[in-house]
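For reference, the chains in residue letters:
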Amino acid sequence: MRLELDYIAAPRRSHVLGVGVLVLSIVVAVLVLERYRNIKLEIAQIEAAESMLPVERKPIPRKNLDGELKNAEAVMRQLALPWKEMVGAVEGAARPEIAVLQMQPDAQLRQLRLTAEAPNEKAMLDYLARLADSPALAEVYIASHQVLLEDPRRPLQFTVLARLKGLP
Amino acid sequence: MSRLWPERLYVSLEPDSVAFCRVHRKTVSKSFFETESPIQKLKETVKDEKVTVVLSNRLVRYAIVPFDAAVSTPEEEQALARFHFLRIYGERAKTWELRLSGCRLACGIDSDLLNAIKQCFPARGRARLVSVQPWLMAAYNHWKPGTQSAWLVLLERERACLALASPKGWQSVQSLRLQGEEELAELLQREALRAGDGAPRKAMVFGGRPAAPAGWQVSYSPLENPYSMAMSAVASRL
């Protein structure tokens, strides 16, 4: 027991209360720390389990879905074109004097658009006839033609449209 | 001075001398002055420290205040202590500043002395007076006798304070004139006889190393003079 006869300082209080509060604080701190570690562990486990689940797809908005479907259908139609027959028909009709400039199949219209150059009208018509003989094409006709005046050889540029056989 | 590690100044104040122990972290520096005006020296010395003043027993009077069940408030305790001081020391005790400990030991100092010490620390100054305590308090708190009964002996110039401490409380306290340390043995024997048959033959001595009376078990404080008062306050804090 201390002797307290100080004229300035207040008598010292017992340390028991302070030590008790300190011990209690340490116990609470340890419990809180333990709880924190458990929660952190649980979070890690939940995150690990979630990463093993299949990724949940976000619902696509209806508007986007229609667009996606149209695109998918277009791609499917393009893939469904009888490319082999079509290319065979164009190659079978080919002649050295005929220059094919553009070949545009249209799956939706079931149509083949060919742009080509010929040195004269006879060569153009011969080419048209050969295309018409192809088993892959039907209703072959010249959609447009023009003489290229700026070219000194005066070639004939023409566009042929033909229906593609065998498409739904 | 760092606010985290403030310097502490422990002052041993006697009527004709003053000793300083300046403590900064683990470093202790000491100085001692014999002077007719120790308060003035104290005023000149303090700068920005926390200051503890330990009072010589030549400046303090003691009394045992018996327990009284009828007394309950601090004011009543003070009045009871004042009554005993007046009974022992007469009218001059009317103006003394009294302190009463829980173990029924009371002390009194001249209020002018306390005011003079306080005036060494102006309100705007950086030094701070944190404690004014009698040497008996500093020495006892350093000693910590525990459950044993023993005499606490404080030796000063021409004076000795003998206090009998027991687990039940303070049994007696005497401040006596002493011509020389060799008289202490006789003084202890006499006080032990006055205290009765059960009085212990054990003593703890501060302030000197006089010969022990025959059959007595005497321990000596290692705190050196003339700083023993101040050093006992330093040590009692640790």
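That block above? That's the structure.
Definitions and cut-offs
Residues numbered from 1 in each chain as written. Chains lettered and ligands numbered in written order. Predicted model: local features only at pLDDT ≥ 70, side-chain atom pairs only at ≥ 80, totals over all residues. Pairing = 2+ DSSP bridges. Helix = DSSP H or I, 4+ residues; strand = E, 2+ residues; numbered from the N terminus. Axes fitted to C-alpha atoms, helices over the stretch in contact; angles between N-to-C directions. Contact = placed C-beta atoms within 7 Å. Expected span 1.5 Å × (residues − 1). Buried ≥ 20, exposed ≤ 12 C-beta atoms within 10 Å, placed from the backbone.

1. Observations concerning the sheet that holds strand 6 (residues 96-100) of chain B
Sheets are built from strands that pair by backbone hydrogen bonding, the pairs being arranged parallel or antiparallel.
All names here are of chain B.
Then, number 1: With respect to topology, three strands assemble into an open sheet ordered 5-7-6, the strand pairing being antiparallel. The sheet terminates laterally at strand 5 (61-64) and strand 6, the two strands that pair on one side only. In this sheet, adjacent strand axes meet at a mean angle of 25° when their direction is disregarded.
Then, number 2: As paired elements, strand 6 and strand 7 (residues 105-110) share five bridges and run antiparallel to each other. The residue of strand 7 that forms the bridge with L98 is G108.
Then, number 3: Its contacts with the sheet put helix 2 (residues 74-89) on strand 5, strand 6 and strand 7, and the angle it makes with strand 6 is roughly 120°.

2. Observations concerning the sheet that holds strand 3 (residues 27-34) of chain B
All names here are of chain B.
Then, number 1: Here five strands make up an open sheet; going across it, the order is 3-2-1-4-8 and the pairing mixed. A single partner strand is all that each edge strand has here, and the edge strands are strand 3 and strand 8 (128-134). Averaged over neighbouring strand pairs, the angle between their axes works out to 15° when direction is ignored.
Then, number 2: Examined bridge by bridge, strand 4 (residues 50-55) and strand 8 share six bridges and lie parallel to one another. Paired with L55 across the bridge in strand 8 is P134.
Then, number 3: On top of the sheet, helix 1 (residues 38-45) reaches strand 1 (8-14), strand 2 (17-24) and strand 3; it is set at about 25° to strand 2, its chief contact.
Then, number 4: Lying on the sheet, helix 4 (residues 135-143) is in contact with strand 4 and strand 8; it crosses strand 8 at an angle near 85°.

3. Topic: helix 1 (residues 15-52) of chain A
Then, number 1: Counted at 1.5 Å a residue, the expected span for helix 1 of chain A with its 38 residues is 56 Å, and the 55 Å between its end C-alpha atoms agrees.
Then, number 2: The buried fraction of helix 1 of chain A is low, at zero of 38 residues.

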